[in-house]
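So you can see what is in the structure, the chains are spelled out below.
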Amino acid sequence: MKIGIVGLGYVGLPLAVAFAEAGHEVIGLDADQRKIDALNEGRSYIEDIPSSSLEPLGELLKATPRHADLASCNAVIICVPTPLTSSREPDLTYLLEAATGLSQVLQPEQLVVLESTTYPGTTRERLVPILEESGMSAGRDFHLAFSPERIDPGRTDYTVRTTPKLVGGLTEPCAERARDLYELICDKVVVLSSPETAELAKLLENIFRSVNIALVNELAQLCDRLGIDIWEVVDAAATKPFGFMRFDPGPGMGGHCLPVDPFYLAFKAREHDFYPEFIELAGKVNQAQPAFCAERIQRALNDAGKAVNGSSIFILGVSYKAGIGDIRESPALKIIHHLKELGGDVSYHDPHVPKLAEHGLSSVDLAPGLASADLVAIVTAHPGIDYEDVVSTAPLVVDFRGVTRGIEAANLVRL
Ligand SMILES: NC(=O)c1ccc[n+]([C@@H]2O[C@H](COP(=O)([O-])OP(=O)(O)OC[C@H]3O[C@@H](n4cnc5c(N)ncnc54)[C@H](O)[C@@H]3O)[C@@H](O)[C@H]2O)c1
């Protein structure tokens with residue numbers, strides 16, 4: 001098989017590598033020339049894909065900026081970003097551009113699969129008309145399906161191969177082609193009745209997480225008032241072997257998916273005069289969590305007789321989750337913003353994020369950062385940091401990730 005992947009980011013690159021590792025020829029297309037150059041020189045820019053894993057792939061994985069190179073592929077998978085506009089509406093610009101480029105080189109019998117997360121109806125209502133500008137008919141001259149990506153950057157217990165893959169085809173033969181494609185790299189492929197079902201299944205997965213994270217974060221705020229340890233409460237509830245699924249509180253939700261995807265569904269729902277209240281409430285609670293964290297830092301300093309204004313506040317971890325360098329929608333950025341507005345002298349340490357351009361900051365080494373801080377806030381708990389040492393070195397520590405559980409110290413405050 002020869003497979004084209006459009007968009008070589010957190011989703012597209014691992015997918016491209018998985019197909020190449022299974023012995024298939026992969027043409028990766030990206031709009032970013034730096035990514036193309038890096039891949040063609042054997043350099044990865046994604047934590048989950050070490051550069052050493054690219055070398056054995058040799059000629060099987062090639063990156064290109066030219067749509068024409070996709071013409072010889074049996075299947076083309078689209079993995080471009082689906083962000084929000086400034087007014088929090090779905091921004092399908094990347095997707096529509098990718099489809100337009102593809103329509104100009106589309107070949108009879110090709111299979112096109114959309115993996116980008118989006119609202120139900122996108123494949124049929126938005127992709128089909130553009131791809132049919134090729135003069136061919138979807139479902140008859142070429143095949144089309146939606147298959148949501150389920151990758152969780154940084155996760156090692158489930159891989160592309162061991163995570164079941166959903167596919168929903170425009171027609172039955174479309175679904176069969178998509179199933180055959182993914183069976184090359186996935187142990188289990190689940191065929192659904194339509195692209196819309198597959199599109200909505202992905203949103204349900206993410207909204208489920210968003211709602212449950214909001215629930216536990218709201219409870220964390222209540223526990224703060226009640227003087228109850230939220231971590232002990234969650235640990236206790238999690239001893240129930242059925243009917244409960246653990247979600248940990250934290251500084252808020254980040255990444256390209258969870259804070260964004262619910263708005264895709266809310267947009268579609270509004271078209272049908274439906275206002276999904278759970279989804280919007282969860283978004284509201286999660287978006288307010290960084291402000292709560294900044295206020296918690298302010299209180300901790302106040303209890304120590306200090307103001308945020310003029311205090312040196314050292315943030316540990318600014319990416320949205322542990323072990324990776326993705327800062328999209330990271331709550332740390334909002335916490336830093338709030339603290340700077342209050343006059344805090346903010347610095348940070350993150351081995352995965354050398355620079356925070358929007359705040360004009362660069363990562364500071366751990367030891368000097370700890371030594372000069374009035375307060376250290378653990379916002380993202382990257383592995384490889386000795387948190388016991390952090391607590392014993394810094395004058396005051398606020399832990400939003402629960403990694404200091406088990407440590408009792410007068411200078412330690414936990415969410
Ligand atoms: N990151 C995740 O954990 C994750 C998980 C599941 C689903 N998704 C979904 O997958 C999609 C991609 O997310 P991502 O995290 O890989 O994004 P990303 O920003 O890491 O990668 C997208 C890539 O697409 C490229 N691109 C943009 N427009 C293009 C075009 N017209 N032609 C060719 N390349 C183009 C960009 O240069 C970039 O390299 C999104 O819809 C996202 O919601 C992401």
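Quick look at the structure, then. Within any chain, residue numbers begin from 1 and follow the written order of that chain's sequence. Totals for whole chains, interfaces and linings use every residue, but because this is a predicted model, local features are given only for residues with pLDDT of at least 70 and side-chain atom pairs only at 80 or more, for both listing and counting. With hydrogens and water stripped out, all remaining heavy atoms of the structure feed into the side-chain values.

1. Some points on helix α5 (residues 172-182)
Thought 1: All of the buried residues in α5 are Cys174, Ala175, Ala178, Leu181 and Tyr182. Each buried residue of α5 lies within a common arc of 120° when the element is viewed along its axis, so the set occupies one face.
Thought 2: Within 3.5 Å is the distance limit for a polar contact, defined as a pair of N or O atoms, with the added protein rule that one can donate a hydrogen and the other accept it, and that residues adjacent in sequence qualify only through two side-chain atoms. Numbering goes from the N terminus for both helices and strands, where a helix is a DSSP run of H or I of at least four residues and a strand is a run of E of at least two. With a side-chain oxygen positioned 3.1 Å from the backbone nitrogen of Cys174, the residue opening α5 is Thr171. Using a 1.4 Å probe on the protein chains alone, a residue whose accessible area is under 20% of its type maximum counts as buried, one over 50% counts as exposed, and one in between counts as partly exposed. Think of it as the arc spanned by the lines of direction from the helix axis to the C-beta atoms.

2. What to know about the pairing of strand β13 (residues 375-378)
Thought 1: The alternating pattern of β13 places Leu375 and Ala377 on one face and Val376 and Ile378 on the opposite face, and all of these are buried.
Thought 2: Relative to β13, strand β9 (residues 312-316) runs parallel, the two sharing four bridges. In the sheet register, Phe314 faces β13, and the bridge partner there is Val376.
Thought 3: For two strands to be treated as a pair, DSSP must find at least two bridges joining them. Note: β13 against strand β14 (residues 397-399), three bridges, orientation parallel. Within β14, the position partnered with Ile378 by the bridge is Asp399.
Thought 4: Orient the strands so they point away from the viewer, and a crossover whose first-strand-to-second-strand path over the helix runs clockwise is right-handed. A crossover connection joins β13 to the parallel β14 through helix α12 (residues 387-393); in handedness this β-α-β unit is right-handed.

3. Here we look at helix α10 (residues 331-341)
Thought 1: All buried positions along α10 are accounted for by Pro331, Ala332, Leu333, Ile335, Ile336 and Leu339.
Thought 2: In this analysis, two residues are considered to be in contact whenever any of their non-hydrogen atoms come within 4.5 Å of each other. Buried residues along α10 sit in contact with α9 (277-303), β9, β10 (345-349), β11 (355-356) and β12 (361-362).

4. Quick look at the pattern of salt bridges
Thought 1: Salt bridges are counted wherever a side-chain nitrogen of Lys or Arg sits within 4 Å of a carboxyl oxygen of Asp or Glu. Throughout the structure, instances matching the rule amount to 26 salt bridges.
Thought 2: A salt bridge links Arg296 to Asp224; the shortest N-O distance between them is 3.3 Å. Within this pair, whereas Arg296 is found in helix α9, its partner Asp224 is found in helix α6 (residues 195-226), the two being separated by 72 residues in sequence.
Thought 3: For Asp224, a relative accessible area of 25% translates into the label partly exposed.

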